[in-house]
Amino acid sequence: MRWTHCLAIAALSVSLAACTTSPTGRSQLTLMSDEQLDQMGAQAFAQYQQELPTVGGAPLRYVQCVTESVVRALPARERNQNWQVKVFESEQANAFALPGGYVGINTGLLQVARNQDQLAAVIGHEIAHVLARHANERASTQTATQLGLSVISSASGMQGASGEAMMAALGMGAQYGILLPFSRRHESEADTLGLNLMAEAGFDPRASIALWNNMGAAGSGARPPAWASTHPSHGQRIGGLEAAMGEARVRYQRARNAGRTPNCPRP
């Protein structure tokens with residue numbers, strides 16, 4: 001019992017030592033170094049390129065133009081990375097940005113994001129995940145959760161089939177009580193950060209609402225309830241964007257007055 005108690009204290013000490021602050025002022029648990037996350041991003045980007053064919057020409061130039069405009073609005077560390085952009089041949093309306101400076105856009109998304117401003121809303125959102133170190137936070141939270149459940153199991157003496165069933169229940173509780181809501185918080189934070197980012201780059205932030213309405217119209221099948229989803233519900237997302245729109249429009253007008261007027265022709 002003493003050993004598990006010390007383990008729990010050690011885990012708590014590590015957690016406290018690894019607390020950082022997100023760009024919105026929210027406390028974060030980040031156990032991994034930026035170098036580790038950058039390496040993971042490079043590996044994931046290479047893997048994605050092995051699984052899907054890439055597209056060049058006008059679609060790539062279009063996505064690069066929008067991405068470069070958004071990147072110029074980033075803080076120096078992220079802005080000065082060697083950002084790599086790829087367009088992948090896939091009907092899925094998907095996009096991602098990875099630690100280390102990697103952006104991927106599926107061709108299916110270009111059918112949903114109908115102009116440069118809507119595409120900037122997606123790219124701004126995805127890059128905001130990188131800016132806020134959400135990948136680090138998610139990996140760190142999962143590690144801390146697994147360690148915490150192991151401590152509970154040892155301290156409680158739960159062995160055998162009944163113990164495994166109890167741990168499965170605790171694992172489900174940890175998933176729905178900690179991990180998924182945390183992911184929804186990340187999505188909402190990325191919405192706000194991405195909205196401001198696209199506005200500072202000179203893209204009209206009002207296009208973000210049109211984009212997510214397009215996404216909703218393009219979606220099919222039953223959606224999970226908001227509490228069991230890694231993303232906010234459609235209504236929650238639109239409501240959050242509308243609440244942040246006032247500040248974003250001020251940033252947008254300031255960017256336009258400063259001459260930031262992106263012009264990325266859509267293919």
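Our subject is the structure listed above.
Residues numbered from 1 in each chain as written. Predicted model: local features only at pLDDT ≥ 70, side-chain atom pairs only at ≥ 80, totals over all residues. Heavy atoms only, no water.

Q: Help me out: how do you make sense of the overall build of the protein chain in this one?
A: For the protein chain, the count of helices and strands is ten helices and six strands. Every one of the 267 residues in the protein chain was classed for burial, and the buried ones make up 44%. The long-range share in the protein chain, meaning contacts at least 24 apart out of those at least 6 apart in sequence, stands at 74%. (Helix = DSSP H or I, 4+ residues; strand = E, 2+ residues; numbered from the N terminus. Buried < 20%, exposed > 50% of the residue type's maximum accessible area, 1.4 Å probe, protein only. Contact = heavy atoms within 4.5 Å.)

Q: Hey, could you run me through unusual backbone geometry in this one?
A: Excluding glycine, residues mostly carry a negative phi; peptide bonds, for their part, are mostly trans. One non-glycine residue with positive phi stands out, namely Arg133, at about 55 degrees. Note that Arg133 resides in the loop between helix H6 (116–131) and helix H7 (134–156). Assessed through its relative accessible area of 28%, Arg133 is described here as partly exposed.

Q: Can you help me understand the sheet that holds strand E4 (residues 84–88) in this one?
A: Read from one edge of the open sheet, four strands run E3-E4-E6-E5, paired in mixed fashion. With one partner strand each, in any of the chains shown, strand E3 (54–55) and strand E5 (95–98) form the two edges of the open sheet. The pairing of E4 with strand E6 (residues 102–106) spans five bridges and is classified as parallel. Following the sheet pairing, Phe88 is matched in E6 by Asn106. Docked against the sheet, helix H2 (residues 34–51) engages E4, E5 and E6, running at close to 30 degrees with respect to E6. Where H6 meets the sheet, its contacts fall on E5 and E6, and the angle it forms with E5 comes to roughly 35 degrees. (Pairing = 2+ DSSP bridges. Axes fitted to C-alpha atoms, helices over the stretch in contact; angles between N-to-C directions.)

Q: Just checking my understanding: could you explain the packing of helix H3 (residues 57–71) against H6 for this structure?
A: When two helices pack together, their arrangement is given by the angle between the helix axes and by the axis-to-axis distance. Following both chains from N to C, one finds H3 and H6 inclined at 55 degrees, their axes separated by 9 Å at the closest point. With respect to H6, the axis of H3 lies oblique. The handedness of the crossing between H3 and H6 is right-handed. Contact residues: H3 offers Tyr62, Val63, Val66, Thr67, Val70 and Val71, while H6 offers Gln116, Leu119, Ala120, Ile123, Gly124 and Ile127. When the residues that make up the contact of H3 with H6 are grouped by side-chain class, the tally is nine nonpolar, three polar and no charged. (Parallel < 35°, antiparallel > 145°, perpendicular 65-115°, else oblique. Left-handed = near helix turned anticlockwise from the far one by under 90°. Nonpolar A, V, L, I, M, F, W, Y, C, P; charged D, E, K, R; others polar.)

Q: Please explain the nonpolar core as it appears in this structure.
A: When a protein is soluble and globular, its nonpolar side chains tend to lie buried together. Core analysis: the largest hydrophobic core is formed by 41 residues, its most contacted members being Val63, Val66, Ile105, Leu119, Ile123 and Ile127. Sorting elements by how many residues they give to this core places H6 first, with eight residues. Core analysis: the next-biggest nonpolar cluster, separate from the first, contains six residues, Phe45, Phe88, Phe96 and Tyr102 among them. (Core = buried A, V, L, I, M, F, W, Y, C linked by side-chain atoms within 4.5 Å.)

Q: I would appreciate a short explanation of the pattern of salt bridges in the present structure.
A: Close approach of charged atoms allows side chains of opposite charge to pair. A complete count under the given rule lists ten salt bridges for this structure. Arg237 is the salt-bridge partner of Asp191, the closest N and O atoms lying 2.7 Å from each other. With a gap of 46 residues between them, Asp191 in helix H8 (residues 160–200) and Arg237 in helix H10 (residues 234–257) connect regions that are remote in the sequence. Across the pair, Arg237 and Asp191 agree in class, each one buried. (Salt bridge = Lys/Arg side-chain N within 4 Å of Asp/Glu carboxyl O.)

Q: Looking at this structure, I do not really get the state of the cysteines. What am I missing?
A: When the sulfur atoms of two cysteines share a covalent bond, that bond is a disulfide. Taken as a whole and assessed by the stated rule, the structure comprises one disulfide. Two residues share a disulfide in this structure: Cys65 and Cys264, whose sulfurs sit 2.1 Å from each other. Measuring handedness by torsion sign, the sulfur bridge of Cys65 and Cys264 sits at about -75 degrees and is left-handed. With a gap of 199 residues between them, Cys65 in helix H3 and Cys264 in the segment after H10 connect regions that are remote in the sequence. (Disulfide = S-S within 2.5 Å.)

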